[in-house]
Amino acid sequence: MNVQFKKGVLELCVLVLLDKKDRYGYELVQKISDQIEISEGSVYPLLRRLTKEEYFTTYLQESSEGPSRKYYRLTDKGRKYLHDLVGEWKEFSEGVNQLIKEGISHE
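Residues numbered from 1 in each chain as written. Predicted model: local features only at pLDDT ≥ 70, side-chain atom pairs only at ≥ 80, totals over all residues. Heavy atoms only, no water.

Enquirer: What exactly am I supposed to notice about the packing of aromatic side chains here?
Expert: Aromatic ring pairs: the centre-centre distance and the angle between the two ring planes describe each pair. Enumeration according to the criterion identifies 5 aromatic pairs in this entry. Plain terms: the ring middles of Y59 and Y71 are 5.6 Å apart, the flat faces sit at 10° to each other, and that makes the pair stacked. With a gap of 12 residues between them, Y59 in strand β2 (residues 56-63) and Y71 in strand β3 (residues 66-74) connect regions that are remote in the sequence. The buried category is assigned to Y71, whose relative accessible area is 13%. Note on W89 and F92: the rings are 6.0 Å apart at their centroids and 45° apart in plane angle, and the pair reads as tilted. With a gap of 3 residues between them, W89 and F92 both fall in helix α4 (residues 76-103), about one helical turn apart. A relative accessible area of 54% means that F92 is categorised as exposed. One aromatic cluster in this structure is built from Y24, Y59 and Y71. In this structure, R69 packs its charged tip against the face of Y24, placed 4.2 Å from the ring centre. (Phe/Tyr/Trp six-rings, centres within 6.5 Å; stacked < 30°, edge-to-face > 60°. Helix = DSSP H or I, 4+ residues; strand = E, 2+ residues; numbered from the N terminus. Buried < 20%, exposed > 50% of the residue type's maximum accessible area, 1.4 Å probe, protein only. Lys NZ or Arg CZ within 6 Å of the ring centre and 35° of its normal.)

Quick look at the structure:
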């Protein structure tokens, strides 16, 4: 998949996944990777930036499988940002889909 496509939607994917439940970084990577091929290294800088912008809070939780894990929790500010992005995404994707329908000739 085009790298620029991925970059554009990765933030939205992370926010959507955190809307339902708190998750740790690697869990986010795995969940997104089930649908979109991404590198682990692309998610962590995004998590740091969104935390700095106060869209997430973080906390540590012990793990039976090793060291404590840092979990990310969506804040109210993050939830509002998510809903704004979802609205933008719907409008954008509908426009692109319409252009594709008009532009691709059906043989």
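Enquirer: When you look at the pattern of salt bridges in this model, what are you seeing that I'm missing?
Expert: Pairs can form between side chains of opposite charge whenever their charged atoms are close. All chains considered together, the criterion is met by 9 salt bridges. R79 serves as the salt-bridge partner of D19, at 2.9 Å between the closest nitrogen and oxygen. Separated by 60 residues along the polypeptide, D19 in helix α1 (residues 3-20) and R79 in helix α4 bring together distant segments of the chain. The shortest N-O distance in the salt bridge between K21 and E27 comes to 3.6 Å. In this structure K21 comes out as partly exposed when scored by relative accessible area, which is 41%. (Salt bridge = Lys/Arg side-chain N within 4 Å of Asp/Glu carboxyl O.)

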